[in-house]
Amino acid sequence: MSELNCPCGRGIYTHCCEPLHRGQRDAESAEQLMRSRYSAFAKHEIDYIVSTTASGQQSHLDIAAIRDWAMSNQWLKLEVIQHLPRLDKTHAQVEFKAHYQHVDQVHVHHETSNFVFINRQWYFLDPTTDQTVTMKQPCICGSGKKFKQCCARFL
Ligand code: ZN
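## A word on the coordination of the zinc ion
Listed as protein donors to the zinc ion are Cys139 (SG), Cys141 (SG), Cys150 (SG) and Cys151 (SG); their distances from the metal cover 2.2 to 2.4 Å. One can describe the donor arrangement at the zinc ion as tetrahedral, given that its four donor atoms subtend angles of 101 to 114 degrees at the metal. Linear spacing of the donor residues for the zinc ion on their chain is C-x1-C-x8-C-C. Per residue, the accessibility class of cysteine 139 equals that of cysteine 141, and both read buried.

## A closer look at the nonpolar core
Met34 and Phe115 are the most contacted members of the largest nonpolar core, which totals 30 residues. When contributions to this core are tallied by element, the ones reaching two or more residues are helix H2 (30-42), helix H3 (46-51), helix H4 (63-71), strand E1 (73-84), strand E2 (91-102) and strand E4 (121-125). For this core, the element with the highest residue contribution is H2, accounting for six residues. One finds Ile118, Cys141, Ala152 and Phe154 within the second-largest nonpolar core, a separate group that totals 13 residues.

## Section: H2
End to end, H2 covers 19 Å across 13 residues, agreeing with the expected 18 Å (1.5 Å per residue, within 8%). With 11 of 13 residues buried, H2 is to be regarded as a mostly interior element. Turning to H2, its buried residues number three or more, namely Ala30, Glu31, Leu33, Met34, Arg35, Ser36, Arg37, Tyr38, Ser39, Ala40 and Phe41. Positive backbone phi, at 60 degrees, marks histidine 44, one or two positions downstream of H2.

## Considerations on the environment of glutamine 32
Residue placement: glutamine 32 occurs in helix H2. Each C-alpha atom, one on glutamine 32 and one on cysteine 8, is 9.4 Å from the other, the two residues being 24 residues apart in sequence. At 2.6 Å, the side chain of glutamine 32 forms a polar contact with the backbone nitrogen of glutamate 28.

## Some details on the packing of aromatic side chains
Taken as a whole and judged by the stated rule, the model has seven aromatic pairs. Between the aromatic rings of phenylalanine 115 and phenylalanine 124, the centroid separation amounts to 5.7 Å while the plane-to-plane angle is 50 degrees, which identifies the pairing as tilted. Relative accessible area serves as the criterion here: at 1%, phenylalanine 115 is assigned to the buried category. What makes phenylalanine 124 buried here is its relative accessible area of 7%. Over the ring of tyrosine 13 we find lysine 43; its NZ or CZ atom is 4.4 Å from the centre of that ring.

The rules we used
- Residues numbered from 1 in each chain as written.
- Predicted model: local features only at pLDDT ≥ 70, side-chain atom pairs only at ≥ 80, totals over all residues.
- Heavy atoms only, no water.
- Donors = N, O, S within 2.8 Å, 3.2 Å for Na, K, Ca; no water.
- Tetrahedral: all angles 85-135°; square planar, octahedral: opposite > 155°, others 65-115°.
- Buried < 20%, exposed > 50% of the residue type's maximum accessible area, 1.4 Å probe, protein only.
- Core = buried A, V, L, I, M, F, W, Y, C linked by side-chain atoms within 4.5 Å.
- Helix = DSSP H or I, 4+ residues; strand = E, 2+ residues; numbered from the N terminus.
- Expected span 1.5 Å × (residues − 1).
- Polar contact = N/O pair within 3.5 Å; in protein donor to acceptor, adjacent residues only side chain to side chain.
- Phe/Tyr/Trp six-rings, centres within 6.5 Å; stacked < 30°, edge-to-face > 60°.
- Lys NZ or Arg CZ within 6 Å of the ring centre and 35° of its normal.

Keep in mind these numbers describe shape, not what the thing actually does.
Following this line, the structure appears as C-alpha coordinates:
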(Lines give C-alpha, C1' and ligand atoms only; values in the text may rest on other atoms or scores of the structure.)
Protein backbone atom coordinates (compact mmCIF):
# COMPACT_ATOMS: atom_id res chain seq x y z
CA MET A 1 0.00 0.00 0.00
CA SER A 2 1.28 3.44 -0.88
CA GLU A 3 2.05 5.82 1.97
CA LEU A 4 -0.33 8.25 0.31
CA ASN A 5 -3.35 6.00 0.60
CA CYS A 6 -5.47 6.42 3.67
CA PRO A 7 -5.40 3.30 5.86
CA CYS A 8 -9.22 3.37 5.98
CA GLY A 9 -9.34 2.75 2.22
CA ARG A 10 -11.28 5.84 1.19
CA GLY A 11 -8.68 7.77 -0.72
CA ILE A 12 -5.59 9.86 -0.13
CA TYR A 13 -4.63 10.20 3.54
CA THR A 14 -4.12 13.98 3.40
CA HIS A 15 -7.70 14.42 2.13
CA CYS A 16 -9.27 11.60 4.13
CA CYS A 17 -8.44 10.88 7.77
CA GLU A 18 -5.44 13.17 8.26
CA PRO A 19 -7.48 16.40 8.64
CA LEU A 20 -9.44 14.64 11.39
CA HIS A 21 -6.24 13.46 13.08
CA ARG A 22 -4.94 17.04 12.97
CA GLY A 23 -8.15 18.48 14.42
CA GLN A 24 -8.85 20.41 11.22
CA ARG A 25 -12.14 18.68 10.61
CA ASP A 26 -14.73 16.80 12.66
CA ALA A 27 -16.13 13.42 11.73
CA GLU A 28 -19.47 13.91 10.03
CA SER A 29 -20.81 10.53 11.03
CA ALA A 30 -20.10 7.64 13.36
CA GLU A 31 -18.81 5.73 10.35
CA GLN A 32 -16.33 8.47 9.53
CA LEU A 33 -15.17 8.59 13.14
CA MET A 34 -14.78 4.82 13.14
CA ARG A 35 -12.72 4.96 9.94
CA SER A 36 -10.52 7.70 11.33
CA ARG A 37 -9.94 5.72 14.52
CA TYR A 38 -8.84 2.71 12.47
CA SER A 39 -6.49 4.99 10.51
CA ALA A 40 -5.22 6.39 13.80
CA PHE A 41 -4.15 2.90 14.85
CA ALA A 42 -2.35 2.47 11.54
CA LYS A 43 -0.68 5.89 11.79
CA HIS A 44 0.03 5.59 15.53
CA GLU A 45 -2.05 8.67 16.31
CA ILE A 46 -2.67 7.58 19.89
CA ASP A 47 -3.84 10.99 21.14
CA TYR A 48 -6.63 10.87 18.58
CA ILE A 49 -7.78 7.46 19.78
CA VAL A 50 -7.97 8.86 23.29
CA SER A 51 -9.67 12.16 22.41
CA THR A 52 -12.37 10.45 20.32
CA THR A 53 -13.39 8.16 23.18
CA ALA A 54 -16.31 9.32 25.39
CA SER A 55 -14.96 12.05 27.65
CA GLY A 56 -15.75 10.26 30.91
CA GLN A 57 -13.86 7.16 29.75
CA GLN A 58 -10.64 8.81 28.59
CA SER A 59 -8.90 8.71 31.95
CA HIS A 60 -9.67 4.99 32.22
CA LEU A 61 -7.91 4.07 28.98
CA ASP A 62 -4.65 2.16 29.12
CA ILE A 63 -2.75 4.42 26.75
CA ALA A 64 0.48 2.41 26.84
CA ALA A 65 -1.44 -0.72 25.88
CA ILE A 66 -3.21 1.11 23.04
CA ARG A 67 0.11 2.40 21.72
CA ASP A 68 1.64 -1.04 21.99
CA TRP A 69 -1.29 -2.62 20.15
CA ALA A 70 -1.22 0.00 17.40
CA MET A 71 2.52 -0.39 16.85
CA SER A 72 2.81 -4.16 17.11
CA ASN A 73 0.44 -4.77 14.20
CA GLN A 74 0.39 -4.02 10.52
CA TRP A 75 -3.03 -2.59 9.71
CA LEU A 76 -3.98 -4.14 6.39
CA LYS A 77 -7.56 -3.20 5.59
CA LEU A 78 -10.82 -1.92 6.99
CA GLU A 79 -14.23 -3.19 5.92
CA VAL A 80 -17.30 -1.37 7.15
CA ILE A 81 -20.10 -3.94 7.16
CA GLN A 82 -22.98 -1.81 8.38
CA HIS A 83 -23.62 1.71 9.64
CA LEU A 84 -26.79 2.40 11.62
CA PRO A 85 -26.71 6.21 11.87
CA ARG A 86 -29.67 6.54 14.25
CA LEU A 87 -30.08 4.04 17.05
CA ASP A 88 -31.76 6.95 18.80
CA LYS A 89 -31.35 10.73 18.68
CA THR A 90 -27.72 10.71 19.77
CA HIS A 91 -26.39 7.19 19.22
CA ALA A 92 -25.16 5.29 16.19
CA GLN A 93 -23.62 1.91 15.49
CA VAL A 94 -20.94 0.70 13.10
CA GLU A 95 -20.14 -2.92 12.36
CA PHE A 96 -16.70 -3.47 10.87
CA LYS A 97 -13.88 -5.87 10.20
CA ALA A 98 -10.33 -4.72 10.80
CA HIS A 99 -7.74 -6.83 9.01
CA TYR A 100 -4.29 -6.76 10.56
CA GLN A 101 -1.13 -8.75 10.72
CA HIS A 102 0.41 -9.62 14.07
CA VAL A 103 3.92 -11.05 13.78
CA ASP A 104 3.42 -13.39 10.81
CA GLN A 105 -0.29 -14.08 11.14
CA VAL A 106 -3.19 -12.26 9.57
CA HIS A 107 -6.19 -11.66 11.82
CA VAL A 108 -9.65 -10.24 11.34
CA HIS A 109 -11.15 -8.30 14.23
CA HIS A 110 -14.93 -8.21 13.81
CA GLU A 111 -16.64 -5.67 16.05
CA THR A 112 -19.88 -3.76 16.41
CA SER A 113 -19.14 -0.41 18.02
CA ASN A 114 -21.46 2.21 19.43
CA PHE A 115 -20.97 5.96 19.22
CA VAL A 116 -22.53 9.01 20.86
CA PHE A 117 -23.04 12.46 19.34
CA ILE A 118 -22.51 15.19 21.91
CA ASN A 119 -21.54 18.85 21.58
CA ARG A 120 -21.65 18.41 17.81
CA GLN A 121 -18.99 15.69 17.85
CA TRP A 122 -19.00 11.93 17.61
CA TYR A 123 -17.31 9.83 20.29
CA PHE A 124 -16.62 6.13 20.61
CA LEU A 125 -18.23 4.32 23.54
CA ASP A 126 -15.62 1.89 24.80
CA PRO A 127 -17.27 -1.23 26.22
CA THR A 128 -14.00 -2.42 27.76
CA THR A 129 -13.08 0.41 30.15
CA ASP A 130 -13.03 -0.61 33.75
CA GLN A 131 -15.10 1.96 35.58
CA THR A 132 -18.10 1.95 37.86
CA VAL A 133 -20.94 4.24 36.94
CA THR A 134 -24.30 3.87 38.61
CA MET A 135 -27.45 4.26 36.57
CA LYS A 136 -28.31 7.51 38.37
CA GLN A 137 -24.95 9.17 37.85
CA PRO A 138 -24.37 11.64 35.02
CA CYS A 139 -23.56 9.88 31.76
CA ILE A 140 -19.94 9.21 30.82
CA CYS A 141 -20.45 11.06 27.52
CA GLY A 142 -20.99 14.44 29.16
CA SER A 143 -24.59 14.85 27.94
CA GLY A 144 -25.77 15.82 31.43
CA LYS A 145 -28.43 13.12 31.29
CA LYS A 146 -28.49 10.24 33.75
CA PHE A 147 -26.32 7.34 32.63
CA LYS A 148 -29.28 4.97 32.38
CA GLN A 149 -31.18 7.39 30.14
CA CYS A 150 -28.21 7.92 27.87
CA CYS A 151 -25.28 5.65 27.06
CA ALA A 152 -25.87 2.77 29.51
CA ARG A 153 -27.92 0.91 26.91
CA PHE A 154 -25.08 1.08 24.41
CA LEU A 155 -22.30 -0.22 26.60
ZN1 ZN B 1 -24.37 9.42 27.26
